[in-house]
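Report on the structure
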Amino acid sequence: MNWSLWLELHLHFCMLSLLAVGGALAIVPEMHRYLVNDLQLLSETAFSQSVTLAQIAPGPNILLVAVMGWNIGLQAAGGFEAGGVAMVTGLLMALSLLTAAVLPSSLLSYFMVKWLHLHQHALSVRAFKAGMVPLVMGLMISAGWLLQTACNPQMDWRLLLLCVASMLIVLFTRVHLLWLMLGGALAGAALGL
Amino acid sequence: MAQENVAPRSRTDLFLSFTWLGLQGFGGVLAVVQREMVDRKQWMTLSEFAEEWALAQTLPGPNVVNLSVMFGGKHFGPTGALAAMSGLLLLPGLLMLAIVIGFQAFAHLPVVASALHGMGVAAAGMVMAAGWRFWPTVKQHPLGWPLGLAFAALSFALAALMHWPLAHVIGVVGLVSCGLTWRRLQNKDSA
């Protein structure tokens, strides 16, 4: 990985941090477009693994950026076979992208919180909040759709069914997410999908 | 009955509390954050929490991270914000990387690959469900639900199907949606 590419990635994630209205999942479609389609730094498999594993591990969703950074760094340095150097590169890349993804928005929060407290009922703030809600909804469904497509490029109907079932279970029951992931894993392994 | 708020004791307290909080958060952290900050630590009342959470959601960036920055900053300034934020990200981040490495070591086995596919689509369903959770809010939208839904569908089409950059989606759909909402709210206020 050369320095200019690294800098470009870092700055792009700084920008995404400020565009991440609605949180980490809302920028998943953009990360897919940028890292998988445009720069081809991540394969569909690495992308879907990153998002999936971030869902089963505890911690805020934004940590999926660290997993993507890890995968990018690891691949760029030659993968696991390259040994320690690749692991260190992965770790540095994870740290770099995660910092980029949280620092600008955190600075904004830090300095805006007083202003926002005072103006939370102002017309402009209410209009921004309400106006962005449909967008966030569309972006999060996009994130789910792109993850589904990345895991299931052949559009196997059984995987599609599993995806819809998982969505409905989350919406209409209170089953813990970990049970759902376990169920998905067992179904996938048992059917050899 | 008014609850007497307790202040975090130190930056270390902030760091450790947010570490513990991060380690418990599977999928949705909101419930965990509320339980820890309101019930267990008694750092704020429920209504204060609701207000802080709403503010954290208004700003861009991960909501929990914003909340940790706002809360840590309020009590201990910049270093407090840093302590709370790094608590939330550091140990959970390392744990996550350990899980990823563990999975990748076995990812070449067909059964592990199949399990990952199954988990992946299950996770995809969860993420879509998280999007659908906004439907009640969109239904009550100042612009009315048909227009709200249209903006949601448009951003889906642009982001997921046409692969537009996020900046363009926000620049076009976000601007129009916020602008129309602004005008509608303005009319409502003056009416």
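Residues numbered from 1 in each chain as written. Chains lettered and ligands numbered in written order. Predicted model: local features only at pLDDT ≥ 70, side-chain atom pairs only at ≥ 80, totals over all residues. Heavy atoms only, no water.

1. Structural notes on the overall build of chain A
The cut-off we apply is this: Each helix is a run of DSSP H or I of at least 4 residues and each strand a run of E of at least 2, with the numbering of both proceeding from the N terminus. Exposure categories follow from relative accessible area, calculated using a 1.4 Å probe and restricted to protein chains: below 20% of the type maximum is buried, above 50% is exposed, and the middle band is partly exposed. Note on definitions: a residue-residue contact is assigned when non-hydrogen atoms from the two residues lie within 4.5 Å. Only the protein chains shown count as covering a residue, and every accessible area follows the Shrake-Rupley method with a 1.4 Å probe. Asp and Glu count as negative and Lys and Arg as positive, but His and the ends of the chain are not part of the count. A charge is said to be at NZ when it belongs to Lys, at CZ for Arg, at CG for Asp and at CD for Glu.
Helices and strands together make up the secondary structure of chain A, namely 8 helices and 0 strands. Along chain A, from the amino end to the carboxyl end, the secondary structure elements read α-α-α-α-α-α-α-α. Counting only residues that meet the buried cut, chain A has 55% of its 193 residues in that class. In chain A, the proportion of contacts linking residues at least 24 apart, taken out of those at least 6 apart, comes to 60%. Counting every atom, chain A has about 8,200 Å² of accessible surface; 71% of that belongs to carbon and sulfur. In chain A, the 6 positive side-chain charges and the 6 negative ones have mean positions that sit 24 Å from each other.

2. Side note on the overall build of chain B
Of the regular secondary structure elements, chain B holds 8 helices and 0 strands. Along the chain direction, N to C, the helices and strands of chain B fall in the order α-α-α-α-α-α-α-α. If one aligns the C-alpha atoms of chain B with their principal axes, the spans along those axes are about 55 × 50 × 30 Å. In chain B, which comprises 191 residues, the share counted as buried stands at 49%. Across chain B, every contact between residues at least 6 apart in sequence was considered, and the portion connecting residues at least 24 apart equals 52%. With an accessible surface of roughly 8,800 Å², chain B has 68% of that area assigned to carbon and sulfur atoms. For chain B, the distance from the average site of its 11 positive side-chain charges to the average site of its 8 negative ones is 9 Å.

3. What to know about a nonpolar patch on the surface
All names here are of chain A. Just so we agree on the cut-off: Two distance rules govern patches: like charges are joined within 9 Å, and nonpolar side chains (Val, Leu, Ile, Met, Phe, Trp, Tyr) within 5 Å, applied only to residues with over 30% relative accessible area and no salt bridge. Salt-bridge detection follows one rule: a side-chain nitrogen of Lys or Arg within 4 Å of a carboxyl oxygen of Asp or Glu.
Together, Ile169, Val175, Trp179, Leu182 and Leu186 make up an exposed nonpolar region whose accessible area comes to about 500 Å². Take the nonpolar patch: its biggest share by element is 3 residues, from helix H8 (residues 177–191). As for its position among the elements, valine 175 is in the loop between helix H7 (157–172) and H8. On the accessibility criterion, valine 175 (40% relative accessible area) is partly exposed.

4. Quick word on the domain arrangement of chain B
So the rule is basically this: Where each domain starts and ends comes from a domain assignment, either automatic or drawn from a database.
One can read the domain layout of chain B as domain 1 (1–109) and domain 2 (134–191). A straight line from the C-alpha centre of domain 1 of chain B to that of domain 2 of chain B covers 30 Å.

5. Here's the deal with the nonpolar core
Note the following rule: Definition of nonpolar core: a set of buried residues of the types Ala, Val, Leu, Ile, Met, Phe, Trp, Tyr and Cys, connected through side-chain atoms within 4.5 Å.
Grouped together as the largest cluster of nonpolar side chains are 118 residues, with contacts concentrated most on Phe13, Met31, Leu35 and Ile62 of chain A together with Phe18 and Met37 of chain B. The residues that make up this core include at least three from each of domain 1 (1–109) and domain 2 (134–191) of chain B. Not counting residues within four places of it along the chain, the set of residues in contact with phenylalanine 13 of chain A comprises Met31, Leu35, Val65, Leu97, Ala100 and Ala101 of chain A.

6. Regarding the layout of surface pockets
Here is the rule: Lining residues are defined by having an atom within 4 Å of a point belonging to a cavity or pocket. Those points lie on a 1 Å grid over the protein atoms alone, cavities being sets where a 1.4 Å probe fits but cannot get out and pockets being open sets with protein on both sides within 12 Å along at least five of seven lines. Grid points are joined across faces, edges and corners, and a volume is the space filled by probe spheres set on the points. Residue polarity follows a fixed list, in which Ala, Val, Leu, Ile, Met, Phe, Trp, Tyr, Cys and Pro are nonpolar, Asp, Glu, Lys and Arg are charged, and the others, Gly among them, are polar.
By volume, the second largest pocket is sized at about 330 Å³. Looking at the second largest pocket, it is lined by 16 residues, and the ones nearest its centre are Leu95, Leu98 and Thr99 of chain A together with Leu89 and Leu90 of chain B. Elements supplying a minimum of two residues to the lining of the second largest pocket: helix H4 (63–76) and helix H5 (84–119) of chain A together with helix H4 (63–106) of chain B. Its residues placed into classes, the lining of the second largest pocket shows 13 nonpolar, 3 polar and no charged.

7. Comments concerning the packing of aromatic side chains
Note the cut-off: Between rings of Phe, Tyr and Trp, where Trp is taken as its six-membered ring, a pair exists when centres lie within 6.5 Å; planes separated by under 30 degrees are stacked, by over 60 edge-to-face, and by other angles tilted.
All told, the structure shown has 7 aromatic pairs over all chains when counted by the stated rule. A centroid spacing of 5.1 Å and a plane angle of 85° characterise the contact between tyrosine 110 of chain A and phenylalanine 111 of chain A, whose relative ring orientation is edge-to-face. Overall, phenylalanine 111 of chain A belongs to the exposed group, its relative accessible area being 62%. One aromatic cluster in this structure is built from Phe18, Trp43 and Phe71 of chain B.

8. Considering the interface of chain B and chain A
Put simply, the rule is: Throughout, buried area stands for the accessible area (probe radius 1.4 Å) lost by two parts on being put together, summed over both. Think of a polar contact as two N or O atoms within 3.5 Å of one another; within protein, one of them needs to be a possible hydrogen donor and the other a possible acceptor, and neighboring residues in sequence only count if both atoms come from side chains.
The partner chain A presents 97 residues to the 90 residues of chain B that form the contact. The three residues of chain B that bury the most area against chain A are Met96, Met126 and Leu166 of chain B, which together make up 9% of that side's buried surface. The interface formed by chain B and chain A includes 1 salt bridge. Across the contact surface, chain B and chain A share 14 residue pairs in polar contact (both at pLDDT 80 or more).

9. Focus on the environment of valine 6 of chain B
Residues and elements named next belong to chain B. Position of valine 6 relative to the elements: it lies in the segment before helix H1 (11–24). With 31 residues separating them along the chain, valine 6 and methionine 37 place their C-alpha atoms 10.0 Å apart. Leaving out residues up to four positions away in the same chain, valine 6 has contacts with Lys41, Gln42 and Trp43.

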